[in-house]
Amino acid sequence: MQGIFLDDSGVKPFINEEDYEKMCKKVEKAHDMLEKKNGKGKDMLGWMDLPANRDEEEIARIKAAAERINKQADVFVVVGIGGSYLGAKAIIDIFDNTFANLESYAERKHPQIIFAGNNLSGKYLRNLVEFLEDKEFAVNVISKSGSTLEPAVTFRTLKLLLEQKYGEVMAAQRIYVTTDPEKGILHDLAVKNEYEMFKIPRDVGGRYSVLTAVGLLPMAVANINFEDILDGAQFASFVFNNRDINNNDCYRYALYRNMLRENEKDIEILASYEPSFQYFVEWYKQLFGESEGKDGKGIYPSGVNLTTDLHSMGQLIQDGKRNIFETVLNIQVDRSLIYLPEVDDDFDHLNYLAGKEIDYINKQAFEGTRQAHIDGGVPTMVLTLEDVTEYNIGQLIYFFEKACAISGYVLGVNPFDQPGVEAYKKNMLGLLKNEE
C-alpha cells in the first residue's frame, strides 16, 4: 500500500490555475518521453525497471557475501564517492542505531561500517589506516570506471594494507568489487585477482544506483531487509507512473517545483525533523544537483536538519531573500516512545509538557515552523512518510528518482549525464600529471 503522501496546501497560494494547466502539459510530455524512451539520456533508464527486473542470482551472491563479511570482519569499509556511497549510507543511518558504530558487535550484530574514498583528505586517510591496523576488516570498492581519483587513492592504500596484513591470497578474499560488468580498471583487477565482483548495470547512472549492488551489499552487511526496499520501490514504480497528474503525488511534486522555478524560486530546501535522515538529504542533493544543474539551468538543492538548523539557517529561511521554497519530510509514526519526565521543582519550567512524547513536541515545532515559513513567503510542500519501514523507504527512493527524471525533462536538460563533473576532473588531473 502507498506509504508516502504529498501535502501541497502550503504551495497552492503561490501559484495560479492557468500556469498549473500549462505545466501539467509539460509534465505529461516528460512522462511520455520516459515511457517511450525517446528523451535525452534514453540509454540510461535502467533504474526504472530495477525493482521489478531483479537479478536473483546476484541477490543470492550479495546475501552470501554479506554473511561472509559478517564472519570475517569487525570493520567493513565501503570505498566510493557520490552515488557510490550516499544512498547506502542514507539507508543504513535511517535503520541503524544512531550510535551503532560505538556499540559492541554483540549489540550491533554486524561489523562497524565506515564510508571512505569520498574525499582527498590526508588526515582522514591517515586516521583510517591507523584505526584499521589492528582490526579485522574487509573492503567494498565501488566505482563504475575505477578511475575516479578519490576512491582510487583510498582503495590503493587499503589494498596494500590488506596485503601486508593478510598476504595477497587471503587479502583477495576480503576485497569486494562493485563495478562495470564488462570492462574497466576495477573489472580487470577483480578478474585478475579473483575478487568477488558485483555489477553496476551499464544503463544505470551512479546517482540512480542505490537499488543495485552499490547499495544492496552494504545494506545486507548492516542486516537491512533490502528486498522489502525493492518491493516498496516496485510498488512505487506502478503508483507513480499514473499520467493523471492530479492523482500522482510524484508528478505533482515535480510540477510544483518547476512552477516555483519559473516564479524565480530557484533554491529548494529539503528539510527533515529526524537527524537519521541527514544523509538521505545528502543523497537527494546529489540526485537533483547532478541531474538538473547544466546548460545554465537548475534548481539549487539544499538541505536542513530541523530543529537543529532553525538555530542557524532559520533566520534566513524566515526573513531572507524570497528565492527559496521548502519540501519537508514528515514522519507520521514515531516508535521511540520516549516521554518528557516530570520533576518536582520544575527548574526549567517545562512541567507543562511533562508526560508528552518528545515526538509530539517535535511535531508541534514542525507545524509551527511550517506555518511561519508559509506566512513569510516560503512555499512549502510536505511529504509525509506514514512509518519508517523498509517498504516505505523503497517508495521514497523511487519517488525522488522518478520526480528527478520528470523534472529534468520539464527543465529541458538531460537528467542522466554530468558533463560539468568532468571539467574539474580534467583540470585536476592535468595539474597532477604536469608535476611528473
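Definitions and cut-offs
- Residues numbered from 1 in each chain as written.
- Predicted model: local features only at pLDDT ≥ 70, side-chain atom pairs only at ≥ 80, totals over all residues.
- Heavy atoms only, no water.
- Helix = DSSP H or I, 4+ residues; strand = E, 2+ residues; numbered from the N terminus.
- Buried < 20%, exposed > 50% of the residue type's maximum accessible area, 1.4 Å probe, protein only.
- Contact = heavy atoms within 4.5 Å.
- Patch = residues over 30% accessible without salt bridge, like charges linked within 9 Å, V, L, I, M, F, W, Y side chains within 5 Å.
- Areas by Shrake-Rupley, 256 points an atom, 1.4 Å probe, with all protein chains shown as cover.
- Salt bridge = Lys/Arg side-chain N within 4 Å of Asp/Glu carboxyl O.
- Lys, Arg positive; Asp, Glu negative; His and termini not counted.
- Charge placed at Lys NZ, Arg CZ, Asp CG, Glu CD.
- Pairing = 2+ DSSP bridges.
- Axes fitted to C-alpha atoms, helices over the stretch in contact; angles between N-to-C directions.
- Core = buried A, V, L, I, M, F, W, Y, C linked by side-chain atoms within 4.5 Å.
- Phe/Tyr/Trp six-rings, centres within 6.5 Å; stacked < 30°, edge-to-face > 60°.
- Right-handed = clockwise from strand over helix to strand, strands pointing away.

Considerations on the environment of S209
For S209, the position within the fold is in the loop between β6 (196–199) and α9 (213–221). A relative accessible area of 2% places S209 in the buried class. If we skip the residues at most four places from it in the chain, S209 touches G83, V204, V214 and G215.

A short note on a negative patch on the surface
The grouping of E342, D344, D345 and D348 at the surface amounts to a negative patch. Relative to the elements of secondary structure, E342 occurs in the loop between β9 (324–331) and α14 (358–375). Owing to a relative accessible area of 63%, E342 belongs among the exposed residues under this scheme.

Topic: the sheet that holds strand β10 (residues 380–385)
Read across the sheet, five strands follow the order β1-β10-β9-β7-β8 without closing on themselves; strand pairing throughout is mixed. Only two strands of the sheet have a single neighbouring strand rather than two, namely β1 (4–7) and β8 (300–305). With strand direction ignored, the average angle separating the axes of adjacent strands in the sheet is 20°. In this structure, strand β7 (residues 267–272) lies alongside β9, joined through six bridges in parallel fashion. If you follow I267 over to β9, its bridge partner there is I324. Running over the sheet, helix α12 (residues 278–292) touches β7, β8 and β9 and is turned about 175° from β8. Lying on the sheet, helix α15 (residues 390–411) is in contact with β1, β7, β9 and β10; it crosses β10 at an angle near 145°.

Structural notes on the nonpolar core
In terms of nonpolar packing, the biggest core is built from 93 residues, with W47, F280 and F400 touching the most fellow members. The greatest single-element share of this core, amounting to twelve residues, is contributed by α15. Sequence-distant contacts of F280, that is, excluding residues within four places in its chain, are made with A90, I94, L329, L396, I397 and F400.

Here's the deal with the packing of aromatic side chains
For the structure shown, the criterion picks out 20 aromatic pairs. Look at Y208 and F416: their rings are 5.4 Å apart centre to centre, the planes differ by 55°, and that puts the pair in the tilted class. Placement of Y208 in the loop between β6 and α9 and of F416 in the loop between α15 and α16 (419–433) is noted, with a sequence separation of 208 residues between them. Judged by relative accessible area, which is 2%, Y208 ranks as buried. Ring geometry for F280 and W283: centres 5.1 Å apart, planes at 45°, overall tilted. Taken together, the positions of F280 and W283, both in helix α12 and three residues apart, correspond to about one turn of that helix. The same class applies to F280 as to W283, namely buried.

Thoughts on the pairing of β6
The pairing of strand β5 (residues 175–179) with β6 spans four bridges and is parallel. Residue pairing in the sheet places T178 in a bridge with F198 of β6. With helix α8 (residues 185–193) bridging β5 and the parallel β6, this β-α-β connection has right-handed handedness.

As for the pattern of salt bridges
By the definition in use, this model includes 28 salt bridges. For D8, the salt bridge identified is with K12, shortest N-O distance 3.9 Å. As a salt-bridge pair, E163 and K159 come within 2.8 Å of each other at their nearest N and O atoms. Placement of both E163 and K159 in helix α6 (residues 149–166) is noted, with a separation of four residues, approximately one turn of the helix. Across the pair, K159 and E163 agree in class, each one buried. Shared partners join several salt bridges into a network, and the residues in it are E57, E58, R61, R68 and E196.

Digging into the sheet that holds strand β3 (residues 112–116)
Reading across from one edge, β3-β2-β4-β5-β6 is the order of the five strands in this open sheet, with parallel pairing throughout. In this open sheet, the two edge strands, each paired with only one partner strand, are β3 and β6. Mean inter-strand twist for the sheet, computed between neighbouring axes without regard to direction, equals 20°. Strand direction decides the pairing type here: strand β2 (residues 75–79) and β3, joined by five bridges, are parallel. Residue pairing for β3: V75 is matched across the bridge by Q112.

Here's the deal with the pairing of strand β4 (residues 137–142)
In terms of burial, β4 is a largely internal element, six of the six residues being buried. Where burial is concerned, the two faces of β4 agree: the one with F137, V139 and V141 and the one with A138, N140 and I142 are both buried. Of the pairings in the sheet, the one linking β2 to β4 comprises five bridges and is parallel in character. Looking at β4, one finds that V75 is bridged to F137.

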